Amino acid sequence: MKLRELKIKNKTARIPIIQGGMGVGVSRFRLAGAVAKEGGVGMISSAQIGYDEPNFEQDVCGCNLRAIEKHVRLAKEQADGGLVGVNVMTALKHYADHVKAAVRAGADLVVCGAGLPVDLPELAGDADTAIAPIVSSRKAASVLLRMWDKKYKRTADLLVVEGPQAGGHLGFTPAQLADVQALDYEEEIRQIIEEKTIYEQKYGVQIPVVAGGGIFDRSDISRMLALGADGVQIATRFVATEECDASPAYKQAYVDAANEDVVIVQSPVGMPGRALRNAFIQKVEQGKQPIVKCFQCIKKCMPAEVPYCITQALVNAVQGDLDHGLIFCGANVGKIREITTVAKLMRELTA
């Protein structure tokens, strides 16, 4: 199946591939800019994006907001006219500020998951930035689109559908993730496509559906397009690239990973997540890890109750301290065999 352009609001990506946003610091301007330059949509994750900014521990929010604008600007300079977006988790304590910062910086797209972004239209306002919720079921899509229609008299510019084989935080129960094969997720994608047509007809617009979760190669892309999706979201494969913003040790962990190393963990965000079972995960399995500082990242985080500090664990990982770090990954990480470049990977995915 020939790949078509991906039209998002009034902008066009030459290749219908969105690189998934990965925090903390895994997808910042180097990766997002490289993907956008190759014709896809490069995504920056806003989650603790300013972790290496001066004075971060004393001014977490301020550093993150400055970093969002800086990384969007640098990515767009590198993108040569390609599309650059920002992924913002609704579970973040400063979620609204992050969305506004992304819009202010001129992001082409804001994608929001880890909860339903019920007020995203209000936060984006009349800006040219496209808005896209991440949904995992027709029910979630229906509730959100109906709410936006009623309250804001507008609809989504794009829908990202994340399946149960995705990496990081997942919109499924642990029981569902324990038997992924039992989920007829292709049917769920068809149902979401059917749901969005209601609002396409009402508003006279096109709402592209981008499917993610376990997309590894060209055959996976073709399968999603055959279901009716307009594009795909791929994250895990872009970690094992030279341009990825994570440390060399982080990338090598993906190359060295086997299928049996992938586990489902309970995140302090309040959602299950998929990660590599390493020394850190083994310590968490043995008991609560000491939290010496709260970085004020998650709305509902209770430091006295959560098993570990997710900010510290993710910062450790991205900087290369894997024994004390959380390494999120997708279900197919075990298939990765080498570190490549974004240009080579994009050619492979579109060949």
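Up top is the structure.
Residues numbered from 1 in each chain as written. Predicted model: local features only at pLDDT ≥ 70, side-chain atom pairs only at ≥ 80, totals over all residues. Heavy atoms only, no water.

S.K.: So what exactly am I meant to see when it comes to unusual backbone geometry here?
M.R.: With the exception of glycine, the majority of residues adopt a negative phi angle, and the majority of peptide bonds are in the trans configuration. Cis rather than trans, the peptide bond between Gly23 and Val24 has omega equal to -5°. Along the chain, Val24 falls in the loop between β3 (17-19) and α1 (29-37). Of note in the backbone geometry, Lys9 takes a positive phi value of approximately 60° without being a glycine. Note on placement: Lys9 falls in the loop between β1 (6-8) and β2 (11-13). In this structure Lys9 comes out as partly exposed when scored by relative accessible area, which is 36%. Of note in the backbone geometry, Asn55 takes a positive phi value of approximately 70° without being a glycine. For Asn55, a relative accessible area of 46% gives the class partly exposed. (Helix = DSSP H or I, 4+ residues; strand = E, 2+ residues; numbered from the N terminus. Buried < 20%, exposed > 50% of the residue type's maximum accessible area, 1.4 Å probe, protein only.)

S.K.: Explanation requested: the pattern of salt bridges in the structure shown.
M.R.: Two side chains that carry opposite charge are able to pair once their charged atoms sit near each other. By the definition in use, this model includes 19 salt bridges. Note that Asp59 and Arg66 form a salt bridge whose closest N and O atoms lie 3.9 Å from each other. Residue classification places Asp59 among the partly exposed residues on the basis of a relative accessible area of 30%. Relative accessible area serves as the criterion here: at 46%, Arg66 is assigned to the partly exposed category. The residue Glu285 makes a salt bridge to Arg277 at a minimum N-O spacing of 2.6 Å. Looking at Arg277, the relative accessible area reads 37%, which means it is partly exposed. Three or more residues are tied together by salt bridges with common partners; here these are Lys11, Lys76, Asp108 and Asp128. (Salt bridge = Lys/Arg side-chain N within 4 Å of Asp/Glu carboxyl O.)

S.K.: How do you make sense of the pairing of strand β11 (residues 231-234) when you look at a structure like this?
M.R.: Consecutive side chains along a regular strand alternate between the two faces of the sheet. Along β11, one buried face is formed by Gly231 and Gln233 and the opposite face, lined by Val232 and Ile234, is buried too. Looking at chain direction, β3 and β11 are connected through three bridges and run parallel. Paired with Ile17 across the two strands is Val232, which belongs to β11. Pairing analysis gives three bridges linking strand β10 (residues 209-212) to β11, with the strands arranged parallel. Paired with Gly212 across the two strands is Gln233, which belongs to β11. Note on the crossover from β10 through helix α8 (residues 218-227) to β11: the handedness is right-handed. (Pairing = 2+ DSSP bridges. Right-handed = clockwise from strand over helix to strand, strands pointing away.)

S.K.: Explain the environment of His169 to me, please; I cannot follow it from the model alone.
M.R.: With respect to the secondary-structure elements, His169 resides in strand β9 (residues 168-169). Separated by 176 residues in sequence, His169 and Leu345 have C-alpha atoms that sit 24 Å apart. Each residue touching His169, except ones within four places of it in the same chain, is listed here: Met89, Glu162, Ser267, Val269, Met271, Pro272, Gly273, Ile310 and Phe328. (Contact = heavy atoms within 4.5 Å.)

S.K.: I'm lost on the packing of helix α2 (residues 60-79) against helix α3 (residues 95-104) in this one. Help?
M.R.: In the contact formed by α2 and α3, the axes pass within 8 Å of each other and the chain directions differ by 30°. Viewed along their axes, α2 and α3 adopt a mutual orientation that is roughly parallel. As for how α2 packs across α3, the hand of that crossing is right-handed. Contacts from Cys61, Asn64, Leu65, Ile68 and Glu69 of α2 reach α3 at Asp97, His98, Ala101, Ala102 and Arg104. Here the contact of α2 with α3 is composed, by residue class, of five nonpolar, two polar and three charged. (Axes fitted to C-alpha atoms, helices over the stretch in contact; angles between N-to-C directions. Parallel < 35°, antiparallel > 145°, perpendicular 65-115°, else oblique. Left-handed = near helix turned anticlockwise from the far one by under 90°. Nonpolar A, V, L, I, M, F, W, Y, C, P; charged D, E, K, R; others polar.)

S.K.: How should the side chain of Gln19 be read in this particular structure?
M.R.: The residue Gln19 is located in strand β3 in this model. By relative accessible area, which is 0% here, Gln19 ends up buried. Reaching out from Gln19, the side chain makes a polar contact with the backbone oxygen of Met43 at a distance of 2.8 Å. When near neighbours in sequence (up to four residues on either side) are disregarded, Gln19 contacts Ser27, Leu31, Ala32, Val35, Val41, Gly42, Met43, Ile234 and Phe238. (Polar contact = N/O pair within 3.5 Å; in protein donor to acceptor, adjacent residues only side chain to side chain.)

S.K.: Where do I start with the environment of Lys288 in this structure?
M.R.: Along the chain, the position of Lys288 falls in the loop between α11 (279-286) and α12 (310-318). The class for Lys288 is partly exposed, based on a relative accessible area of 43%. C-alpha of Lys288 to C-alpha of Leu276: the two residues are 12 residues apart in sequence and 18 Å apart in space.

S.K.: I keep staring at the nonpolar core and nothing clicks. Help me out?
M.R.: Nonpolar side chains tend toward joint burial in soluble globular proteins. Judged by nonpolar contacts, the single largest core of 116 residues is most densely connected at Phe238 and Leu326. Setting aside residues no more than four positions away along its own chain, Phe238 makes contact with Ile17, Gln19, Leu31, Val35, Cys244, Val342, Leu345, Met346 and Leu349. Counting residues in each nonpolar core, the second largest holds 15 residues, with Val41, Leu83, Leu109 and Val111 among its members. (Core = buried A, V, L, I, M, F, W, Y, C linked by side-chain atoms within 4.5 Å.)

S.K.: Explanation requested: the pairing of strand β13 (residues 272-276) in the structure shown.
M.R.: In terms of burial, β13 is a largely internal element, five of the five residues being buried. Alternating residues of β13 divide into Pro272, Arg274 and Leu276 and Gly273 and Ala275, and every residue in both groups is buried. Relative to β13, β9 runs antiparallel, the two being bridged by two bridges. Residue pairing across strands places His169 opposite Gly273, the latter belonging to β13. As paired strands, strand β12 (residues 262-266) and β13 are joined by five bridges and run antiparallel to one another. Along β13, the bridge assignment pairs Val263 with Ala275.

Function cannot be inferred from these measures alone, as they are strictly geometric.
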